[in-house]
Amino acid sequence: MKYSKRYICLTIILLLVVALKFNRNGSEQVETFRGAQMEPKVWNPLIAESVNENPLSLVVDNRIYSNEDYDIYMNQKLDIMIPVSLVRDSFNCSAGLYDKEKLVVEKHEESADFSLEDKQLTKKNDNYYVSASKLSKSLSYDYSWDIEKNTASAADVSGATSIYPSKYDLREKGRATTVKNQGSLGTCWASASVSALETALLPEESVQFSVDHMTLKNSFAQAQNDGGEYTMGMAYLTAWQGPVYEADDPYGDGESPDGLKPVKHVQEMQIIDGKDYEKIKESVFLYGGVQTSIYNGLRSSQSKSPYYNQKTNSYCYIGTEKPNHDVVIIGWDDNYPSSNFNTPLEGDGAFICQNSWGKDFGDNGIFYVSYYDTNIGTHNVVYTRVEDTDNYDHIYQSDLCGWVGKMGYDSEQIYGANVFTAKSVETLAATSFYATGANTEYEVYVVHDFVNEKSFDERTKVAEGVFKKAGYYTVDFDEKIKLHAGEDYAIVIRLKTPGSKHPLAIEYDTGEKILQGVNLDDGEGYISPNGKKFVNVKEKRDCNLCIKAFTRNQ
């Protein structure tokens, strides 16, 4: 019977209280029951065990996290404990684990530390946990526990309009990576990609990834001095072509060894468009450095430009030139004086940016870019889900050059499908694709034993949801989907992107030299306006669809 053990415990406690009362009133017929003297260390484990063996939920700002999906539990002090890995997303706060012994959380103007030493942080089976009630108190949340529903609830009652402060600098938080030096090569795009990725792992992991490998071992047809953009870094990472460690492929020798395997799997990146400064700040605060583009009037760390103030390390360009240089936003200061810039400006405020020209430029490689700069914040990417390489065993894909363009039927909705062949007996675990705009609704279906277009009639829905921001996302499946060796199977997605006429990301040859590596023979894709009649995209549109599949060995 649900909750029976817990109620039995509580009933026994009430009986003991009654027994004690009669004993105090001098009844000679009632002896003191030995169990009445039991301490909390005896009763609490019984109560915790009862709570943990039933469905247990934590509700944070109306979002539900259950012990069926997450490792949430009640400890023997009757605290609801949540994994540190869940803290950032559930409480929408900055959360970093330092030196494997101290958790630092920040939100609004609040900051709190939880350490193993003071027993505010718990380590269990190599995972770290913190009390939901203590975390709530530190972040100005209202916290309550409903014993009947087996549910803890936390709600932000701070009244603050923003989750981040008016000034923030990853350097001060131990979350900024080493400044790169691209030298005379046109590798700023890769340096920025690698640097932003490295910050996404800090403070838990401090690593150096190879810029050489990203620029020499991608699927694009261009040399290191030809330049590039952030979508190239995204394609390289989503294809699991990297990253690799800098020590295994050092920068600047023009060579990259064959056979290096990725040391991380990047499964999610969010794209921030349209100079959305609030989203940029939020992303830096929550996830790490944001890769962005500017028009750079400087040619080296030693050159001069009317847009750059060498005394204050401040830069601002206002004009019609398009971006030609990538940097990483690692912080901001809303009150940074406009007087520090060479150009007269309407107001204060600047982003703190990390360049890739070594420490001789700016303040040890760092400079300030005004909020009023024409290009800063126009195109941005932040790495939001970076995992170890044991998350999946195999990747199936046909879009090695990634998101090159978009496709649609002049409608917000489109169906897309990729067909793959299982290499062995495997479990289909996840799929990935792009949301080309905000608030993209998706549905995911699977087709077993695919033969032809008629097979799509036998598809089974396995996932659905909404992506609030544009980007690249991985959707994990709740159920195990078995594939037999040699089986042709299809991943079908339905996308609906508000305001879009072309919601589906595609790879195709634009005729540019850089995209000569596009191969339309490495996949089998289909599209449909309504999920009824599908057509082959190679035959009708000369493209590949950006839909991948991930499997695990059985």
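The structure presented is a predicted model; accordingly, all values stated were derived computationally and were not measured.

Enquirer: Lay out the sheet that holds strand E30 (residues 524-528) with the relevant residues and their values.
Expert: The strand order across the open sheet built from 6 strands is E26-E25-E28-E23-E30-E31, with neighbouring strands paired in antiparallel fashion. Only two strands of the sheet have a single neighbouring strand rather than two, namely strand E26 (460-467) and strand E31 (535-536). Across 5 bridges, the pairing between strand E23 (residues 413-421) and E30 is antiparallel. Among the inter-strand pairings, Ala 417 is bridged to a residue of E30, identified as Tyr 526.

Enquirer: Pulling in residues and values, what's your account of the nonpolar core?
Expert: Ranked by size, the top nonpolar core spans 81 residues in total, and within it Phe 351, Phe 367 and Tyr 383 carry the most contacts. The leading source of residues in this core is helix H5 (residues 188-201), at 8 residues. Among residues more than four places away in sequence, those in contact with Phe 351 are Tyr 277, Ile 280, Lys 281, Ile 329, Gly 331, Trp 332, Phe 367, Tyr 368, Val 369, Tyr 371 and Ile 376. Phe 420, Ile 506, Ile 527 and Val 537 belong to the second largest nonpolar core, which has 31 residues in total.

Enquirer: I'd like a rundown of helix H7 (residues 230-238), residues and numbers included.
Expert: Buried residues dominate H7, accounting for 9 of its 9 residues. Every buried residue of H7 is accounted for by Tyr 230, Thr 231, Met 232, Gly 233, Met 234, Ala 235, Tyr 236, Leu 237 and Thr 238. After H7 finishes, the residue Trp 240 shows a positive phi value of roughly 60°.

Enquirer: A description of the packing of aromatic side chains should follow, citing residues and the corresponding values.
Expert: Within the structure shown, the criterion is met by 35 aromatic pairs. With a centroid separation of 5.0 Å and 70° between ring planes, the pair formed by Tyr 168 and Phe 285 is classed as edge-to-face. Within this pair, whereas Tyr 168 is found in strand E12 (residues 167-169), its partner Phe 285 is found in helix H8 (residues 277-286), the two being separated by 117 residues in sequence. An angle of 70° between the planes, with centres 5.3 Å apart, marks the rings of Phe 456 and Tyr 526 as edge-to-face. One end of the pair, Phe 456, is in the loop between strand E25 (440-447) and E26; the other, Tyr 526, is in strand E30, and 70 residues separate them in sequence.

Enquirer: Would you mind going over helix H3 (residues 84-91) in detail, with residue names and values included?
Expert: Along H3, the residues that are buried comprise Val 84, Leu 86, Val 87, Ser 90 and Phe 91. The arc that holds the buried residues of H3, viewed along the axis, is 135°, so those residues lie on one side. One or two positions beyond H3, positive phi appears at Asn 92, with a value near 50°.

Cut-off values and rules
Residues numbered from 1 in each chain as written. Predicted model: local features only at pLDDT ≥ 70, side-chain atom pairs only at ≥ 80, totals over all residues. Heavy atoms only, no water. Pairing = 2+ DSSP bridges. Helix = DSSP H or I, 4+ residues; strand = E, 2+ residues; numbered from the N terminus. Core = buried A, V, L, I, M, F, W, Y, C linked by side-chain atoms within 4.5 Å. Buried < 20%, exposed > 50% of the residue type's maximum accessible area, 1.4 Å probe, protein only. Contact = heavy atoms within 4.5 Å. Phe/Tyr/Trp six-rings, centres within 6.5 Å; stacked < 30°, edge-to-face > 60°. Arc of directions from axis to C-beta.

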